[in-house]
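Below, each chain spelled out in residue letters.
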Amino acid sequence: MSSANIVAAEHLSKWYGQVIGLNDVTLGVPAGITGLLGPNGAGKSTFMKLITGQLKPSKGGITVLGEPIWENPSAYFRIGFCPEQDKFYERMTGREWVTALVGLNGVSEAAAAEMAARAIETVDLSDVADKKIAAYSKGMRQRIKLAQALAHDPELLILDEPLSGMDPLVRRKTIRLIKEWGRSGKSVIVSSHILHEIESMTSNILLINQGRILAEGNVHQIRDLIDEHPHTVFIRADHTRELAREFLTDAEVLSLKFEDGGVVVQTGRPDVFYARLTELAASGELGAIHEVTSPDDNLQAVFQYLVKS
Amino acid sequence: MTNRPGVLASAVRVFDLSLGQMLWSRRSVFLAILVGAPMAMAIAVRMVAVTRGLPVINGAGLSGPTLFGILIWMLFVRFVVPVLGVFYGTSLIADEVDDKTITYLFTRPVPRSAVLLGKYLSYLACVVLLVIPSVVVVYFLIIPIGGSVGQSFPSLLEDLGMLIVGLAAYGALFAFVGASLKRPLIVGLVFAFGWEQTVLLIPGYLKRLSVAYYLQALVPHAMPQDSSISALLQVFQEFPPVWVSLVSLTGITVLGLWLAGKTVEKREYVLEQ
């Protein structure tokens, strides 16, 4: 395994009682941006928790940036983590929260405030930084979580489903931010159950299912497979029905249905669909788009295909 | 690279982060109502005293200082302090785990024991802010009923000191229980209101394995004979010297925190998906 790997796992296993979370994984994650792709329950979160030292391996070993991570708090100077859960200290403002967390890195209060302000600006939340987190939209909450992860300028950013719930414009900005981060020589490990998201950030992926790494490397082969399966997207917007009407004319849209105050669209061409959605959001002609999420049915089908083949 | 902050410096940062959350939590609102009960009781007693003279129990008139001593024993030492210790102490880490915010604290370059210590300091500040106003208000309402505020003032300071020492010891002990067990609240309540109360009634050395034994020795008021249990306690009354109590309670606090810190360092917290 290359010494340049930012994460190295040797026969890494994690089980919760009788349930296997991760099963005998040996891998090396190279520097740069790496996407961790897998359906819900595949083992992504377990892997994320192991590489952030929240869980102790049941078997095998793991190093992050060349150091063991379990019971090694010093390693967190070099790592920023954005967890999946939508949980905060709701009574604090975004600025207070990020400043307090950066303060735990041992910097002075003034430096923490400055670092927090810079991170908040990076994620485009300066105008709402002094509002309580409880008043933030889903997209803002995702971004403030991202701000706390990158505020101390870590070498490695670990992002668990960072784009979940973001509207198309913020999603595009966040993808750009992650790519810039990679270009500046930092490393990013980003998880998602949506290939399209991962593909827009990197071509280097780890494909995980049922606690095992199924494939490592280039995204294009996986993309060919996934294109054979329809992709499902849930959208919640100011004018959901008008938005749905726009999609009806698009050839790549296979079906539409209204659900939970939004519209569920099935498309055969996710890249074209997302580009169109971003255009519509940017034009603003159909009002604001508040939430875009994708269930992982299509990805599950690809994994079943991969496991069988 | 920034130098790794020490345990104490990190604990102070965690304290800053946690105090507001703890003060305005639903638990604090509920326990503030609980701690407010003695104040309501004191207002009622004062009104009775103003309108009908000294309160009479078993045919004897009670002076303010005696009544205040009874309230300190019955409400604060035997009930409020253990309840606050159990409810806050067992939840120091458990609340963050339940709220899934523990991730933010455990993925920072601070030892987990510093997180626990910071949360413990928040607990201490929070309960002191709840208890002291209650005791002081009760004091100023009750003592003037046939007593002198000035003369009794030193014993008020002793009361406050004793209650803080008790809150510190119970909090540290239950922090360890909370860090170690999956259902710490039940165990904590059984310990505080089962074990602690029972061993005090048993002659011999067993009572030395309780916090209450040492805490009672610091109460500057005579133990009231309010019930058959209290009468029994009077029979087996055996108070250690004050210095032994202070050393023991400090020992319980330090040992409780050390064990809790070690447990948190080693334990995995698996958040529910």
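About the thresholds
- Note that residues are indexed from 1 along each chain, following the sequence as it is written.
- Going through the entries in the order they are written, you letter the chains from A and number the ligands from 1.
- Whole-chain, interface and lining totals are the exception, using all residues; otherwise, since this is a predicted model, local features are given only for residues with pLDDT of at least 70 and side-chain atom pairs are given and counted only at 80 or more.
- Every helix listed is a DSSP run of H or I at least four residues long, and every strand listed is a run of E at least two residues long, numbered separately from the N terminus.
- To estimate the expected span of a helix, subtract one from its residue number and multiply by 1.5 Å.
- The seven residues ending at a residue and the seven starting there each receive a fitted axis; the angle between those axes is the bend at that residue.
- Backbone-placed C-beta atoms define the burial measure: a residue is buried with 20 or more other C-beta atoms within 10 Å of its own, exposed with 12 or fewer, and partly exposed in between.
- Residue pairs are scored as contacts if the distance between their C-beta atoms, which are placed from the backbone, is within 7 Å.
- Put simply, a nonpolar core is buried Ala, Val, Leu, Ile, Met, Phe, Trp, Tyr and Cys residues tied into one set by C-beta atoms within 7 Å.
- Strand pairing is assigned whenever DSSP detects at least two bridges linking the two strands.
- Think of each axis as a best-fit line through the C-alpha atoms, taken over the contacting stretch in the case of a helix, with angles from 0 to 180 degrees between the N-to-C directions.
- Each residue is assigned to one of three groups, with Ala, Val, Leu, Ile, Met, Phe, Trp, Tyr, Cys and Pro labelled nonpolar, Asp, Glu, Lys and Arg labelled charged, and all others, Gly among them, labelled polar.
- By definition, pLDDT measures how confident the predictor is in each residue, and it falls between 0 and 100.
- In this scheme the handedness of a crossing depends on how the near helix is turned from the far one: anticlockwise by less than a right angle means left-handed, clockwise means right-handed.

Undergrad: Outline helix H2 (residues 26–52) of chain B, listing residues and values.
TA: An α-helical turn contains 3.6 residues, so a residue and the one three or four places further along point in the same direction. All names here are of chain B. Between its first and last C-alpha, H2 extends 39 Å over 27 residues, near the 39 Å set by a 1.5 Å rise per residue. In H2, a bend of some 30° at Gly36 exceeds every other bend along the element, and Pro38, a proline, comes one to four places later. Listed as buried for H2 are Ser28, Leu31, Val35, Pro38, Ala42 and Val45. Contacts from the buried residues of H2 go to helix H1 (7–23), helix H3 (64–89) and helix H6 (112–142).

Undergrad: Mind laying out the nonpolar core, listing which residues take part and the relevant values?
TA: One finds Val98 and Ala147 of chain A together with Leu116, Ile142 and Ala175 of chain B to be the most contacted residues of the largest nonpolar core, which totals 144 residues. A per-element tally of this core places H6 of chain B first, with 15 residues. Ile142 of chain B has contacts with Ala42, Val45, Arg46, Gly64, Leu67, Phe68 and Leu71 of chain B, leaving out every residue within four places of it along the chain.

Undergrad: Which residues make up the sheet that holds strand S14 (residues 289–293) of chain A, and what values do they have?
TA: Residues and elements named next belong to chain A. Reading across the sheet, the 4 strands line up as S12-S13-S11-S14 and stay open at both edges, with antiparallel pairing between neighbours. Bordering the open sheet on either side are strand S12 (253–259) and S14, each of which pairs with just one other strand. For this sheet the average axis-to-axis angle between neighbouring strands, irrespective of direction, equals 20°. In this structure, strand S11 (residues 231–237) lies alongside strand S13 (residues 262–267), joined through 5 bridges in antiparallel fashion. Opposite Ile235, over in S13, you have Val263 as the bridge partner. Across the sheet, helix H8 (residues 240–248) touches S11, S12 and S13, and the angle it forms with S12 is around 165°.

Undergrad: Please give an account of the pairing of S11 of chain A that cites residues and values.
TA: Residues and elements named next belong to chain A. Counting buried residues along S11, 5 of its 7 residues qualify, which places the element largely inside the surrounding structure. Bridge analysis of S11 against S14 gives 4 bridges, and the strand direction is antiparallel. Along S14, the bridge assignment pairs Ile235 with Val292.

Undergrad: Lay out the pairing of strand S9 (residues 204–209) of chain A in plain terms, naming residues and giving numbers.
TA: All names here are of chain A. Counting buried positions along S9 yields 5 of 6 residues, so the element is predominantly enclosed. Bridge count between strand S3 (residues 33–37) and S9: 3 bridges; the pairing is parallel. The partner of Gly35 across the bridge, within S9, is Ile205. Strand direction decides the pairing type here: S9 and strand S10 (residues 212–218), joined by 6 bridges, are antiparallel. Across the sheet, the residue bridging to Leu207 is Ala215, located in S10. The turn linking S9 back onto S10 is made up of 2 residues, and Gln210 within it adopts a positive phi angle of 50°.

Undergrad: Tell me about the interface of chain A and chain B, residues and numbers included.
TA: Across the contact, 26 residues belong to chain A and 28 residues belong to chain B. Of the residues forming the side of chain A that touches chain B, the biggest block, 3 residues, is contributed by helix H2 (residues 94–103) of chain A. In terms of residue class, the side of chain A that touches chain B is built from 13 nonpolar, 9 polar and 4 charged.

Undergrad: Describe the confidence of the model for chain B, with residues and values.
TA: Residue and element names in this part refer to chain B. Across chain B, the average pLDDT comes to 88, with 90% of residues at or above 70. Per-element confidence in chain B is highest for helix H11 (residues 242–266), whose mean pLDDT is 96, and lowest for helix H10 (residues 228–235), whose mean pLDDT is 58. Taken over the whole predicted complex, pTM reads 0.83, whereas the ipTM for its chain interfaces reads 0.83.

Undergrad: Explain the packing of helix H7 (residues 149–180) of chain B against helix H8 (residues 184–199) of chain B to me, using residue names and the numbers behind them.
TA: When two helices pack together, their arrangement is given by the angle between their axes and by how far apart the axes lie. Residues and elements named next belong to chain B. Relative to each other, H7 and H8 sit at 145°, their axes nearing to 9 Å. Where H7 crosses over H8, the handedness of that crossing is right-handed. Judged by residue contacts, Phe174, Val177 and Gly178 of H7 engage Pro184, Val187 and Gly188 from H8. Looking at the contact of H7 with H8 residue by residue, the class counts come to 4 nonpolar, 2 polar and no charged.

Undergrad: I'd like a description of the environment of Leu280 of chain A, backed by residues and values.
TA: Residues and elements named next belong to chain A. Relative to the elements of secondary structure, Leu280 occurs in helix H9 (residues 270–283). The sequence separation of Leu280 and Ser184 amounts to 96 residues, and the corresponding C-alpha distance is 31 Å. Residue contacts for Leu280: discarding those within four places in its chain leaves Leu243, Glu246 and Leu286.

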